Structures are given as C-alpha cells and as structure tokens.
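What the coordinates show
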Amino acid sequence: MTYIRVQLGALGLALLTGLAAPPAHAAEDPAAAPTVEERRLDKAAPQEILARSGFATVAPEFVRALGKARSYAQAERVVERQGARLWQRAVDRAQGRGPAGGDLSRDDDRPLYWARLGMTREVRQWEPQFGLTEAQRTRLLNSLERTSRGQDTIRYPHSKGVKRILVTGFDPFTLDRDIRISNPSGATALALDGTVIETADGPARVETAVFPVRWQDFADGTVERTLRRHLPRVDLFTTVSQGRVGRFDVERTNGAWRGGFGDNENLSRTETIPVTDPASQPQWTSTTLPYKDIVAASTGRFPVYDNTSVTEIPAGGTTPVVRPEGPTPGSTARAGGGGDYLSNEIAYRATLLRDRLGLTDSLPGGHVHTPVLQFGTGNTDPASGTVTDPQFIQNRLDIIAQVRSILKVAADADVTD
C-alpha cells in the first residue's frame with residue numbers, strides 16, 4: 001500500500017453453463033451492476049495478464065460450476081470451493097507448483113486479483129431459477145472474498161518447536177493511474193504462504209492472507225475477523241504494504257485517522273478509523289516488532305529504516321504538525337508513520353487488536369512498508385508500456401526475498417534479545 005499522507009506530492013509515485021443448467025443472465029436490479037473495480041476488468045491490460053497466466057479460464061469455469069447449483073446451499077458450496085481453489089492456484093503458481101499457464105512470471109500477484117474480480121462480477125449478475133435474495137447474494141460475495149484471499153485457510157501445524165508467523169498483503173491499487181500495477185505485498189503473501197523459514201530457534205511456518213483496498217471492508221471488520229483467533233496463537237505478525245520509493249520502512253507508530261485518498265472503488269473516507277468500543281480507542285498504537293534488529297541487519301538490496309515520523313494535531317491545537325520523532329502527549333492523529341491510507345489502517349487495526357487481546361508485551365507485531373514496485377526504464381507510460389519487463393520482475397523478486405529476510409531477523413530477535 002503506497003505511503004499516502006498530507007504531503008502526497010513528495011512521494012513521486014502515489015502510490016486484482018453447465019449442460020442442461022438454467023442460463024445465467026444479468027440481473028435487472030441496479031445493485032447487481034458491476035462495481036468500479038469489476039468494470040476495469042475488460043480493459044486490455046487485465047485481459048492480457050489473465051491470458052498470459054492461464055487465469056483467463058477461472059471465471060468461465062466458475063460460471064459453469066455455479067450454473068449447476070439447484071439451491072442456495074449448493075451455490076454456497078460452489079462459491080467456497082471455487083474461491084479456495086483460486087487462492088490455492090495462485091499460491092501454487094507463485095511457488096512453482098504445477099504449470100505456469102503462460103509466459104507471465106510466476107511471482108506475479110495480478111492474475112489472482114483480476115481473476116477474483118471476474119468471479120465476483122459473475123456472482124453479482126447471476127440470477128438462478130431458484131431465486132436469490134440480495135442478502136444471499138451478499139453472503140456469497142463475502143464468502144468468495146474470504147476464501148479467495150486465504151483469510152479462512154490460515155492453519156499451522158500442531159508440532160511442538162515450530163514457530164508461527166502471520167503476514168498480510170494487499171491488492172493492487174491506484175489502477176486508474178496505471179492499470180498495470182502490481183502490489184509487492186500481495187506477491188509476497190503468495191510467495192510465502194505455507195512456507196518455512198529456518199530461525200535460530202528452529203523452523204517457523206508462515207501463513208498469509210490478502211486484503212482489499214476498500215475503506216468499507218475495513219469498516220466492516222475484515223481485519224479483525226481474520227486476525228482475532230490467530231493472534232493469541234502466533235509468535236510474530238506483520239502487516240505488509242507498498243510504501244516509499246527505494247526503501248523499506250518499519251513503521252513505529254500508527255494513527256487513528258483516515259485521510260480520504262480514494263480506494264479501489266474510487267470512494268473517499270476522511271474520519272477517525274471506525275472500530276468497536278470507540279470510547280476506549282487510542283489515537284496511536286505502536287509496533288512491537290524488533291525494529292532495531294531489523295534495521296541493523298543486512299536483509300537485501302534496499303535500505304531499511306525505523307520510521308518514527310507522524311502527523312498530529314497537538315493537544316490544544318487545531319493545525320496538523322509533522323513530528324519526526326513521534327506523537328506528543330494528548331495529540332490527535334492525522335497520519336501515522338505509514339500515512340493515513342489503508343496501510344496505516346491495517347497496521348492500526350492489527351496492533352490495536354493485539355493490545356485489546358492483552359498481547360502487547362508478548363507478541364511482536366507491526367507494519368512493514370516495501371519499496372514501490374517500479375517498471376523498468378522506458379516502460380513507465382501506462383498508455384504505451386507493456387504489462388511486465390525484466391527489471392519489474394527482478395524488483396518484485398528482490399522485494400519478496402527481502403521481506404522473507406526481515407521475517408527471519410524478527411523471529412531470531414525474539415529468541416536472542
């Protein structure tokens with residue numbers, strides 16, 4: 001998730017019919033119209049990404065399976081199976097299992113994003129003969145979102161001596177600026193899901209999930225719903241998103257503020273981050289990741305910073321002020337170290353959940369911003385550029401490898417500190 005805050009311009013770049021089945025057809029209800037995200041799907045770049053990865057068959061296969069459902073219960077089972085299959089297919093492709101399906105590099109996160117949108121568009125417009133209420137349609141869409149993002153398949157082995165690490169990533173975003181965009185945090189989630197990192201205290205199993213770039217999903221509690229039952233059982237967690245150009249950042253402080261930048265539905269929210277029990281909501285939360293160890297270690301080609309800066313309204317004041325060393329007592333948040341967009345929000349929500357579960361002193365967790373994933377020289381024009389190039393691929397691979405190294409340092413620090 002690109003780092004977005006008050007000084008946005010400083011970034012440089014601001015910153016996914018069966019035989020004899022009743023035919024599916026577009027619903028007349030305006031609520032069934034494709035979303036902003038889904039309408040981008042028919043553009044040339046998404047179609048090329050799907051074709052060059054083998055994922056162009058996902059939505060048609062889904063339609064055939066869904067068309068065989070003769071009841072809502074059957075439709076539920078189809079959606080759950082197909083969503084989970086999409087997630088596993090994307091993970092397998094990223095980790096080199098099975099056919100590549102095309103010449104697009106395996107580390108690419110975009111086929112998952114665009115294939116999912118093809119599936120959600122079909123559910124949104126599906127009108128089976130047995131009838132479907134809008135509440136049922138919403139439940140199907142929610143199920144598809146969860147299963148195709150790995151949110152309900154976070155499972156760790158019961159073996160003693162195996163550490164547990166939880167990592168989250170994001171969909172591509174700012175697609176109206178450049179529809180070719182990939183998100184290295186989502187690519188990292190696919191590359192690391194179910195893998196093992198050898199730490200100083202033995203093996204550590206990594207489990208991952210991906211989240212949408214939509215304000216409403218976060219207000220509806222998707223982060224807390226996914227993470228709540230896992231945080232008491234893991235040894236380390238980090239939310240990950242795309243940040244600044246040419247650098248990693250461990251974000252020291254997260255702020256309780258939404259700055260209004262448009263999401264993937266082109267919707268804006270400027271408000272205090274909505275959470276349960278707002279009366280006890282803090283303005284700031286802090287990382288418990290071993291940031292000193294991470295910054296000091298040699299983890300890859302990109303420099304890693306301990307970012308302490310925030311933007312606040314000081315106690316008794318009315319004007320936002322940048323504080324390079326962190327918030328002052330009694331201040332009101334206007335941007336955390338990770339800005340005021342959904343990257344800051346997932347960090348805030350995850351660390352607030354950690355604190356409300358009483359895990360502040362026992363669970364290392366926080367947010368890591370990756371470098372912006374850039375195309376190669378000469379491939380920077382969205383109108384004339386290609387959807388991939390060698391430098392673009394290498395940049396993404398280097399970012400994935402460095403996140404993995406950062407996780408190893410963090411897990412080792414928990415043992416040796």
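These figures come from a predicted structure and were not determined experimentally. (Residues numbered from 1 in each chain as written. Predicted model: local features only at pLDDT ≥ 70, side-chain atom pairs only at ≥ 80, totals over all residues. Heavy atoms only, no water.)

1. Concerning the overall build of the chain
- A count of helices and strands for the chain gives 12 helices and 14 strands.
- Whereas a compact globule of 417 residues would reach a radius of gyration of roughly 22 Å, the chain reaches 21 Å, a difference of no more than 12%.
- With the C-alpha coordinates of the chain rotated into their principal frame, the extents come out at 65 × 50 × 45 Å.
- When each of the 417 residues of the chain is scored for burial, the buried share is 57%.
- Of the roughly 16,600 Å² of accessible surface on the chain, 51% is carried by carbon and sulfur atoms. (Helix = DSSP H or I, 4+ residues; strand = E, 2+ residues; numbered from the N terminus. Rg over C-alpha atoms; globule rule 2.2 N^0.38 Å. Buried < 20%, exposed > 50% of the residue type's maximum accessible area, 1.4 Å probe, protein only. Areas by Shrake-Rupley, 256 points an atom, 1.4 Å probe, with all protein chains shown as cover.)

2. Quick word on the sheet that holds strand 4 (residues 236–242)
- With respect to topology, seven strands assemble into an open sheet ordered 2-3-1-4-14-5-10, the strand pairing being mixed. With partners counted over all chains shown, the strands left at the sheet margins are strand 2 (196–199) and strand 10 (304–307), one partner each. Across the sheet, the axes of successive neighbouring strands diverge by a mean angle of 25°, strand direction being ignored.
- Strand direction decides the pairing type here: strand 4 and strand 14 (residues 365–370), joined by six bridges, are parallel. Each residue of the ladder has a partner; that of Gln-242, found in strand 14, is Thr-370. (Pairing = 2+ DSSP bridges. Axes fitted to C-alpha atoms, helices over the stretch in contact; angles between N-to-C directions.)

3. Remarks on the sheet that holds strand 11 (residues 310–313)
- A sheet is described by the order of its strands in space; here three strands give the open sequence 12-11-13, paired in antiparallel fashion. The sheet is open, and its two edges are formed by strand 12 (321–323) and strand 13 (332–335), each paired on a single side. For this sheet, the mean inter-axis angle between neighbouring strands, taken without regard to orientation, is 45°.
- The pairing of strand 11 with strand 13 spans three bridges and is classified as antiparallel. Looking across to strand 13, one finds that Thr-311 is bridged to Ala-335.

4. Concerning the pattern of salt bridges
- Applying the stated criterion across every chain yields a total of 31 salt bridges.
- Ionic pairing is found between Glu-145 and Arg-149, a salt bridge with its closest N-O pair at 2.6 Å.
- Judged by relative accessible area, Arg-149 falls into the buried class, the value being 1%.
- A salt bridge links Arg-244 to Glu-251; the shortest N-O distance between them is 2.8 Å.
- Of the residues examined, Arg-244 reaches a relative accessible area of 9% and is grouped as buried.
- Owing to a relative accessible area of 1%, Glu-251 belongs among the buried residues under this scheme.
- Taken together, the shared-partner salt bridges in this structure form one network comprising Glu-37, Arg-116, Glu-145, Arg-149, Asp-171, Arg-214 and Asp-217. (Salt bridge = Lys/Arg side-chain N within 4 Å of Asp/Glu carboxyl O.)

5. Notes on the side chain of His-367
- Along the chain, His-367 falls in strand 14.
- According to the relative accessible area criterion, His-367 is buried, its value standing at 1%.
- At a separation of 2.7 Å, a polar atom in the side chain of His-367 contacts the side chain of Ser-241.
- Those residues in contact with His-367, other than ones at most four positions away along the chain, are Thr-238, Thr-239, Val-240, Ser-241, Asp-249, Val-250, Glu-251, Thr-287, Leu-289, Ser-343, Ile-346 and Ala-347. (Polar contact = N/O pair within 3.5 Å; in protein donor to acceptor, adjacent residues only side chain to side chain. Contact = heavy atoms within 4.5 Å.)

6. A closer look at the nonpolar core
- Of all hydrophobic cores here, the largest spans 39 residues; its most connected members are Leu-66, Trp-114 and Leu-140.
- Every element with two or more residues in this core is listed here: helix 2 (44–51), helix 3 (58–67), helix 4 (72–94), helix 5 (110–125), helix 6 (134–148) and helix 7 (184–192).
- Once residues within four sequence positions are removed from consideration, Leu-66 is found in contact with Ala-75, Val-78, Val-79, Val-123 and Trp-126.
- Residues Ile-165, Phe-302, Val-368 and Phe-375 belong to the second largest nonpolar core, which totals 26 residues. (Core = buried A, V, L, I, M, F, W, Y, C linked by side-chain atoms within 4.5 Å.)

7. So, the side chain of Arg-121
- Among the secondary structure elements, Arg-121 is positioned in helix 5.
- Reaching out from Arg-121, the side chain makes a polar contact with the side chain of Asp-42 at a distance of 3.0 Å.
- The contact partners of Arg-121, leaving out residues within four places of it in the chain, are Pro-34, Glu-38, Leu-41 and Asp-42.

8. Remarks on the confidence of the model for the chain
- Put simply, the chain has an average pLDDT of 93, and 92% of its residues get 70 or more.
- Counted against residues more than four places away or in other chains, residues 2–28, with its pLDDT under 50, gives 82 contacts. (pLDDT = per-residue confidence, 0-100.)

9. A short note on the packing of helix 3 against helix 4
- Relative to each other, helix 3 and helix 4 sit at 160°, their axes nearing to 10 Å. Classed by the angle they form, the pair helix 3 and helix 4 counts as roughly antiparallel. Viewed along their axes, helix 3 and helix 4 form a crossing whose handedness is right-handed. Listed contacts from helix 4 to Val-58, Glu-61, Phe-62, Ala-65 and Leu-66 of helix 3 are Ala-75, Val-78, Val-79, Gln-82, Leu-86 and Arg-89.
- Looking at the contact of helix 3 with helix 4, its residues break down into eight nonpolar, one polar and two charged. (Parallel < 35°, antiparallel > 145°, perpendicular 65-115°, else oblique. Left-handed = near helix turned anticlockwise from the far one by under 90°. Nonpolar A, V, L, I, M, F, W, Y, C, P; charged D, E, K, R; others polar.)

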